[in-house]
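Per-entry structural report
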Amino acid sequence: SSGINAEWPLRPGAATFTNYTKFFLRECLRLCEMSCLYYNVYNDTLSNGDKQQSTVEALQHLVQIRPRRQIKYPVELMRGNPPSNYNNVPVDDVLKTLPPFALYHINRKLTLEPKMIVNSRIVVVGASDVALSFLETLILCPHIHFNNLVLVSPEGLPLSAPAALPSSLCFSPDYMHKISLATSCNIVTAKMTSINREGGYVEVDEGPKVQYDYLVLCSGSQLALTLPPVEDTKLSVSSPVQRNVSAVANIQEYKAPAQAVTLDTLSQAEGIAEWVKSHSGPALVYGSTLTAYTTINALLEAGVTDIINVQPPTLTSCFNNIQIKQVVEDAMETNGVRIMRDLVLSSYQTEGDKLTGVELAPLKGSLETVHCATCITVQETAIDHNTFEGINNSCLVFDGRLVIDANCHTNDPVIYAAGPLTKYKRALYCDEWTHEIYCSKEIGERLAAIMLPLFDPSFPVPENTERYELTKYSRPKIVYAKLPGGYHYLDVSKPQPLIELQTAMMDPNYGRELVTGDKDVGYFRLHLNQYHTVETITCLSKKEMEIANICQLYGLHQEYMNSLEDRFDSDLIPDFFNYFREPWCLVLFHDRFQELREEIKELLSQPNQLGEESISEKVCQLVDEDLAIEEKTRAALFSQYKESLAKVAVENRLFSFLSYNNYHLPHYAGRNMT
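Residues numbered from 1 in each chain as written. Predicted model: local features only at pLDDT ≥ 70, side-chain atom pairs only at ≥ 80, totals over all residues. Heavy atoms only, no water.

Some words on the overall build of the protein chain
Threshold: Numbered from the N terminus, helices here are DSSP runs of H or I no shorter than four residues, and strands are runs of E no shorter than two. A contact between two residues is defined here by any heavy atoms of the two lying within 4.5 Å. To measure how exposed things are, a 1.4 Å probe is used in the Shrake-Rupley method; for residues, cover is taken only from the protein chains shown.
Check the secondary structure of the protein chain and you find 23 helices and 31 strands. Within the protein chain, counting contacts between residues at least 6 apart in sequence, those at least 24 apart form 68% of the total. Accessible surface, the protein chain: about 35600 Å² in total, of which carbon and sulfur atoms supply 51%.

Listed below in structure tokens is the structure:
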């Protein structure tokens, strides 16, 4: 009773027929005897069959379906050695891989429900993860259609993932095709140069002015070319109101040689290896950031052999783990990379317009000269100069970063901002707690939740909107990178200011860490906090990892993972990689498992009788008195749970979950299975 259309039958070219689109769709459903219709939108660069897909004008009346995260199944382990007529593996429709596409849906009920049309011009500057998350949240609202969404970005949508850059895993190329932002947004491929607040428009370097009713600044920070330090010129002050600025006017901007670059754009990162190979001579990579290691790996994979890595002094390494840093740098030296530590770039040496080398300043001693043909600096990040000028000249408050309040407002009521571009105002006393340390996707969703009530009053106002109360973000900060030596690196950590690992472990409430493996079989580290909940995941392996599965372990109590601590202490887990590939734990990776956990918490918070304390309230009261509950008290609490109505409700909900999701989890036994 459902249909999938390869090419939509309705293409009303005249505005007269556009108003009757829903009537036409309703008749299609009636005549075809179908309850719903689906439409697939493929990427323009891919073909569906023998012809390219094209967007239809009736698409605004359909509801776009949010992509679901799929479990990575260990198919060989799930098959095992059962009888031939028994199979624990999901059906082929679940396992097979299809070209990514955006899916739209309509049914009989939706044809009778009007969509709210929002004609406000919403302009988003920058294609950062925050901006993409903000736009995704808006276009996936089922009962609202935004007619005027505009994204201003120098390179359009980021549809590639260069190997020279680490990834946050928020918006992979496949996921970008599945949400198809280009279908619902107008993409302006240009760079913002100025903001006219009175006229309500932004100017770009290429193309006409872009008018806005609401402006969202999410351009983030970019890698900046490291320039030699310049001595500060002091300005003479003749009176409190007159200053001699002639010295500033005569300062000329330093121009670096053409062979010194940074990876400030995706296109630059994609072509960096070929660009280096086009120059004969050593390639110098300046930086000790994670981007420096990924850049070196990209050069090594492209066949570049003469590489020099200059690392400036830093308080904490980008890995915040001595073992991982040592393994990666040993692999670099094995591949012929020369590593120079604790040196600061002092100047570029040139012959005409050609780079011949760089001068490096050590912490103590005289300058050192290193000869190189190309120099890639990936140490510092900064706000784009054009973006800064546009913000500063429009009198938006800028204090090293664009200043916002707890609800992402700037000092202009129609201009919002979020992401690494911003910082909280000083009245909040939280200089370290910037958006840079949080999950960018969660920030974008929060920004959308703040703005949606402006267009639809039925949306609830987000919680914690007090003037001097910071928003609490809970999702982890995720970083994935491919490092020299063929290592895959994954770090999933709690969003907080960086603290050196050795210092953090000295805290009595740090918890404990569980580590398996080494550089050969794969390094896997879990940090459990004082509440026995996973707070940090660090993986390093030459084999490909089930990244999507591993990330779901964050925030889980160790009991969810089959009494993890007891098994680890009993030496029953030699390798966490293999342990979390076992079929029993696949329910932990299901995209609706978090909802199940929340429902179980709600069931445990309900008392047996009116006026009686619930199980959750009793546990919270005991934990407030003493975090370590005695065994006698624990046994009494468990006995009360077995006699309560909550136990039956939890079991019913669990079996209902397994039954409903049986197509994804066929290897779990049901209630009536014998």
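Alright, that's what it looks like, and here's the rest.
Here we look at the packing of helix α21 (residues 615–625) against helix α22 (residues 631–643)
Helices that pack against each other are described as a pair by the angle of their axes relative to one another and the distance between those axes. For clarity, the cut-off: Whenever a helix is involved, its axis is fitted only over the stretch in contact; in every case the axis is a line through C-alpha atoms, and angles between N-to-C directions fall within 0 to 180 degrees. Each angle receives one of four descriptions, namely roughly parallel if under 35 degrees, roughly antiparallel if over 145, roughly perpendicular if within 65 to 115, and oblique otherwise. Each residue gets one label: Ala, Val, Leu, Ile, Met, Phe, Trp, Tyr, Cys and Pro are nonpolar, Asp, Glu, Lys and Arg are charged, and the others, such as Gly, are polar.
Where α21 contacts α22, the axes come no closer than 11 Å and their chain directions differ by 170°. Looking at the two axes, α21 sits roughly antiparallel to α22. Taking contact as the criterion, the partners of I615, K618, V619 and L622 in α21 are, on α22, T633, L637, Q640 and Y641. Class assignment of the residues belonging to the contact of α21 with α22 gives a composition of five nonpolar, two polar and one charged.

Thoughts on the pairing of strand β21 (residues 368–371)
Keep this limit in mind: For two strands to count as paired, DSSP must find a minimum of two bridges between them.
Note that strand β20 (residues 354–362) and β21 share four bridges and pair antiparallel. Each bridged residue has a counterpart across the sheet, and for E359 the counterpart in β21 is T369.

Examining the sheet that holds strand β6 (residues 122–125)
Pairing in this open sheet of five strands is parallel, and the strands run β9-β8-β6-β13-β25 from one edge to the other. Two strands bound the open sheet, and with one partner strand each, they are β9 (186–189) and β25 (415–417). Pairs of neighbouring strands in the sheet enclose a mean axial angle of 20°, with direction left out of account. Across the face of the sheet, helix α6 (residues 129–139) comes into contact with β6, β8 (149–153) and β13 (214–217) while running at roughly 155° to β6.

Some thoughts on the confidence of the model for the protein chain
Threshold: Values of pLDDT, ranging from 0 to 100, describe the predictor's confidence in every residue of the model.
Looking at the protein chain, the pLDDT average stands at 87 and 89% of residues meet or exceed 70. Low confidence marks residues 45–55, where pLDDT is under 50. Its contacts with residues over four positions away, or in another chain, come to 19 contacts. Considering only residues more than four positions removed or in separate chains, one finds that residues 232–252, a stretch of pLDDT under 50, has nine contacts.

A look at unusual backbone geometry
Counted only if it meets this: Burial classification: accessible surface area is computed with a 1.4 Å probe over protein chains only, and a residue below 20% of its type maximum counts as buried, one above 50% as exposed, and the rest as partly exposed.
Although it is not a glycine, L169 adopts a positive phi angle of roughly 65°. With respect to the element layout, L169 can be found in the loop between β8 and α7 (173–179). Positive phi, close to 60°, is recorded for D571, a residue that is not glycine. As for its placement among the helices and strands, D571 is situated in the loop between α18 (564–569) and α19 (576–579). Of the residues examined, D571 reaches a relative accessible area of 69% and is grouped as exposed.

Side note on the pattern of salt bridges
Going by this rule: What makes a salt bridge here is a side-chain nitrogen of Lys or Arg within 4 Å of a carboxyl oxygen of Asp or Glu, nothing more.
Taken as a whole and assessed by the stated rule, the structure comprises 19 salt bridges. The salt bridge partner of R341 is E329, with a shortest N-O separation of 2.6 Å. Here E329 lies in helix α13 (residues 322–334) and R341 lies in strand β18 (residues 338–341), a separation of twelve residues in the sequence. Ionic contacts of the salt-bridge type, sharing partners, join the residues D399, K423 and R426 into one network.

So, the packing of aromatic side chains
For clarity, the cut-off: Aromatic rings from Phe, Tyr and Trp, taking only the six-membered ring of Trp, are treated as a pair when their centres fall within 6.5 Å; an angle between ring planes under 30 degrees marks them as stacked, one over 60 as edge-to-face, and anything in between as tilted.
Applying the stated rule across the entire model yields 19 aromatic pairs. Summarising the aromatic geometry, the rings of F524 and F577 are spaced 4.9 Å apart at their centres and angled 75° between planes, so their arrangement reads as edge-to-face. Of this pair, F524 sits in strand β30 (residues 523–528) while F577 sits in helix α19; the two residues are 53 residues apart in sequence, bridging distant segments of the chain. Judged by relative accessible area, which is 5%, F577 ranks as buried.

Describing the nonpolar core
Inclusion rule: For the purposes of this section, nonpolar cores are sets of buried Ala, Val, Leu, Ile, Met, Phe, Trp, Tyr and Cys residues that join through side-chain atoms within 4.5 Å.
In this structure, F134, F146, I195, L215, L217 and L447 are the most contacted members of the largest nonpolar core, which totals 64 residues. Leave out the neighbours within four places in its chain, and L447 touches F134, V216, C218, C408, Y416 and A418. If you look at the next biggest cluster of nonpolar residues, it comprises 46 residues, including L526, M561, I573 and L586.

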